[in-house]
Amino acid sequence: MKILVIGSEGNIGRALVAHLRKRGHFVIRSDIKPMHAADYYQADIVHPGDLLEAFSIHRFEVVYNLAAMVSRVTCEKSPHMAIDRNLCGVNNVIQLAKKYSAKLIVFSTSEVYGNHEEILSEDSTTLMPNNRYGLSKKLSELMTQYEVENCGLDAVIVRPFMFYSEDEDRGPHRSAMIRFAEVLWDGGMVDVHRDSWRSWMHMDDAVEALERVAHLDRFEIINIGNNEVVATSDIAKMYCDLYKIDYSDHVREVELPDKMTLIKIPNLEKQRRVLNFEPTVSIAEGVKRVAVRVMRNGA
């Protein structure tokens, strides 16, 4: 298939492009990052005109839109940018996909569910986001559904649950999986949100599931995640054990901050039934991969 990946230079985008090409797809990349390459278009989805050439030349069959303003903290601090990219930008990509008859894979987030202490199901759980990031993604979902039902858009919405990789960018803005690995290897102290639980999905599994989404012939909203759910404190303990340091000396257990979610347990029945997919990388194996990479490179 001819595929465009928008947001190709991000953590998910880089891995997805490599996987799609490995599977034999023709892939064009696009991102806001300045770069020159024959297979690359620099573009900001807030200004869709820069993508017109790519769409008109290549006539893509599938478009993955990963471009977004991400993270709870970032979206709270920059609300105008959050709406520009996560709502207006998505609308721009929707209109291009309709004009050129491309299937659009819209990336939402598990944050759309809000702080529910229950299994999160695409069809039954009420969406009650408790931060601006989740709210902007919920609105983009509603807009996508409207376009599908009323305007002829061909689309699928995916809700990722805690994707991670040993190859992703590092820094204090990253997820607990990456921050814990860096800070604990450096002998520092990390905060663990008491009684929090997460479904973590290694990128090797994530990109396989995402490739299968492109082959769907109908509109769906699908949770993409791992059925192995662990306490956040257990992630910290795994790193402490691998680094041979004492948990009590390097981990503070604290209450959940405002506008965060305590528990994220996805219902993955659609992932199994619709995509015929089961993750293969265990949490223990994924943590080990991240730890080995951090130890090899240094924190």
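Here, every reference points to the structure presented above.
Definitions and limits used
- Residues numbered from 1 in each chain as written.
- Predicted model: local features only at pLDDT ≥ 70, side-chain atom pairs only at ≥ 80, totals over all residues.
- Heavy atoms only, no water.
- Axes fitted to C-alpha atoms, helices over the stretch in contact; angles between N-to-C directions.
- Helix = DSSP H or I, 4+ residues; strand = E, 2+ residues; numbered from the N terminus.
- Parallel < 35°, antiparallel > 145°, perpendicular 65-115°, else oblique.
- Left-handed = near helix turned anticlockwise from the far one by under 90°.
- Contact = heavy atoms within 4.5 Å.
- Nonpolar A, V, L, I, M, F, W, Y, C, P; charged D, E, K, R; others polar.
- 1 Å grid on protein atoms, 1.4 Å probe; cavity = no way out; pocket = protein on both sides within 12 Å on 5 of 7 lines; lining within 4 Å.
- Points joined across faces, edges and corners; volume = space filled by probe spheres on them.
- Salt bridge = Lys/Arg side-chain N within 4 Å of Asp/Glu carboxyl O.
- Buried < 20%, exposed > 50% of the residue type's maximum accessible area, 1.4 Å probe, protein only.
- Pairing = 2+ DSSP bridges.
- Core = buried A, V, L, I, M, F, W, Y, C linked by side-chain atoms within 4.5 Å.

> Tell me about the packing of helix H6 (residues 176–185) against helix H11 (residues 283–297), and please be specific about residues and values.
The relative placement of two packed helices is expressed as an angle between their axes plus a distance between the axes. For the pair H6 and H11, interaxial distance at closest approach is 10 Å and the crossing angle is 45 degrees. One element, H6, and the other, H11, form an angle in the oblique class. Judged by the sense of rotation from one axis to the other, the crossing of H6 with H11 is right-handed. Taken together, the residues of H11 that come into contact with H6 (itself represented by Met-177, Ile-178, Ala-181, Glu-182 and Trp-185) are Val-287, Val-290, Val-294 and Met-295. Residue composition of the contact of H6 with H11, by class: 8 nonpolar, no polar and 1 charged.

> Before we move on, can you summarise unusual backbone geometry with the specific residues and values?
The phi angle at Asp-195 is positive, at roughly 65 degrees, despite the residue not being glycine. If you trace the backbone, Asp-195 turns up in the loop between strand E9 (190–193) and strand E10 (197–199). Positive phi values are uncommon outside glycine, yet Asn-276 reaches one of about 55 degrees. With respect to the helices and strands, Asn-276 occurs in the loop between helix H10 (269–275) and H11.

> Give me the lowdown on the layout of surface pockets, citing residues and values where you can.
Computed from the structure, the second largest pocket encloses a volume of approximately 240 Å³. Forming the boundary of the second largest pocket are 13 residues, of which Ala-15, Ser-165, Asp-167, Met-203 and Asp-204 lie nearest the centre. For the lining of the second largest pocket, the secondary structure elements donating two or more residues are helix H1 (11–22) and helix H7 (203–213). A breakdown of the residues in the lining of the second largest pocket according to their chemical character gives 4 nonpolar, 3 polar and 6 charged.

> Break down the pattern of salt bridges for me, with residues and values.
By the definition in use, this model includes 24 salt bridges. A salt bridge links Glu-147 to Lys-98, with the shortest nitrogen-to-oxygen separation between them at 2.8 Å. Separated by 49 residues along the polypeptide, Glu-147 in helix H5 (residues 132–151) and Lys-98 in helix H4 (residues 79–99) bring together distant segments of the chain. On the accessibility criterion, Lys-98 (25% relative accessible area) is partly exposed. The salt bridge involving Arg-212 is made with Glu-208; its shortest N-O contact spans 2.9 Å. One end of the pair is Arg-212 and the other is Glu-208, both in helix H7 and 4 residues apart, which spans about a single turn. Given a relative accessible area of 27%, Arg-212 falls into the partly exposed group. Within this structure, Asp-123, Asp-217, Arg-218, Glu-220 and Lys-270 form a network of salt bridges that share partners.

> Please give an account of the sheet that holds strand E3 (residues 40–42) that cites residues and values.
Spatially, the 7 strands line up as an open sheet ordered E3-E2-E1-E4-E5-E7-E12, and their pairing is parallel. Edge positions in the sheet fall to E3 and strand E12 (221–224), since each has one partner strand and no second. Across this sheet, the average inter-strand angle for adjacent strands is 20 degrees, counted without regard to direction. In terms of strand pairing, strand E2 (residues 26–31) meets E3 through 3 bridges, oriented parallel. Of the residues in E3, the one forming a bridge with Asp-31 is Gln-42.

> So what's going on with the nonpolar core? Which residues, and what values?
With 28 residues, the main nonpolar core has Val-5, Leu-16, Tyr-64, Ile-105, Val-158, Ile-224 and Leu-275 as its most contacted residues. Breaking this core down by element, the ones donating at least two residues are strand E1 (2–6), H1, strand E4 (62–65), strand E5 (103–107), strand E7 (155–160), H7, E12 and H10. Here this core takes 6 residues from H7, the largest share from any one element. For Ile-224, the residues in contact, after removing those within four places along its chain, are Val-158, Arg-159, Pro-160, Phe-161, Phe-163, Met-201, Ala-209, Leu-268, Gln-271 and Leu-275.

> I'd like a rundown of empty space enclosed by the protein, residues and numbers included.
The final tally for this structure, using the stated rule, is 1 cavity of 30 Å³ or more. Forming the boundary of the largest cavity are Ser-165, Glu-166, Glu-168, Arg-170, Ile-178, Glu-182, Val-290, Arg-293 and Val-294. If you list the elements that add at least two residues to the lining of the largest cavity, you get H6 and H11. Take the lining of the largest cavity: its biggest share by element is 3 residues, from H11.

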